[in-house]
Amino acid sequence: MTGKDAAVIEYLHREVSVHQFLSNAQSLVDASVSSYQRRGFKNLMVSFGCTGGQHRSVYLAELLAKHLRAFAGVEVAVRHIELEKMGR
């Protein structure tokens, strides 16, 4: 299973530390996006990593992408490198 599967999502959703991490990451990325937009920059890369690259990082990347899609003028592309290596 991966961070896209319901059982993993449910488990991680119950973890307080995951919510704290996501909140901090969103604050940092939101500030960066706003700054980039003001300065006319077009590309920003955000990467998450975890021990296996299949669960927590996938879950967090998906949530951050969903959050960022709410910003006007922001196009989001998500890649899960470890999942790609596994053919998923």
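You'll find the structure just up there.
We now turn to the structure provided with this report. None of these values were measured; they are calculated from a predicted model.

### Observations concerning the side chain of Gln-26
Among the structural elements, Gln-26 can be located in helix α2 (residues 16-39). Discounting chain neighbours no more than four positions away, the residues touching Gln-26 are Leu-63, Leu-64 and His-67.

### Observations regarding the side chain of His-80
Among the secondary structure elements, His-80 is positioned in the loop between α3 (56-68) and α4 (81-85). The exposure class assigned to His-80 is buried, which follows from its relative accessible area of 10%. If sequence neighbours within four positions are ignored, His-80 has contacts with Lys-4, Val-58, Ala-61 and Glu-62.

### What to know about the pattern of salt bridges
Summed over all chains, the structure comprises three salt bridges. A salt bridge links Lys-4 to Glu-62; its shortest N-O distance comes to 3.9 Å. Of this pair, Lys-4 sits in the segment before α1 (6-13) while Glu-62 sits in helix α3, placing them 58 residues apart in sequence. The partner of Lys-85 in a salt bridge is Glu-82, with the nearest N and O atoms 3.2 Å apart. On the criterion of helical spacing, the pair formed by Lys-85 and Glu-82 is a turn pair, its members being three residues apart in helix α4. Note on Glu-82: relative accessible area 32%, which makes it partly exposed.

### Regarding the nonpolar core
The biggest cluster of nonpolar side chains holds six residues, and these are Val-8, Leu-12, Val-18, Leu-22, Tyr-59 and Leu-60. When residues of this core are traced back to their parent elements, those giving at least two are α1, α2 and α3. If we ignore the near neighbours within four places in the chain, the residues touching Leu-60 are Val-18, Phe-21, Leu-22 and Phe-48. Of all hydrophobic cores here, the second largest spans five residues; its members include Val-29, Val-33, Leu-68 and Phe-71.

Conventions and cut-offs
- Residues numbered from 1 in each chain as written.
- Predicted model: local features only at pLDDT ≥ 70, side-chain atom pairs only at ≥ 80, totals over all residues.
- Heavy atoms only, no water.
- Helix = DSSP H or I, 4+ residues; strand = E, 2+ residues; numbered from the N terminus.
- Contact = heavy atoms within 4.5 Å.
- Buried < 20%, exposed > 50% of the residue type's maximum accessible area, 1.4 Å probe, protein only.
- Salt bridge = Lys/Arg side-chain N within 4 Å of Asp/Glu carboxyl O.
- Core = buried A, V, L, I, M, F, W, Y, C linked by side-chain atoms within 4.5 Å.

Remember, this is a structural readout, not a statement about activity or role.
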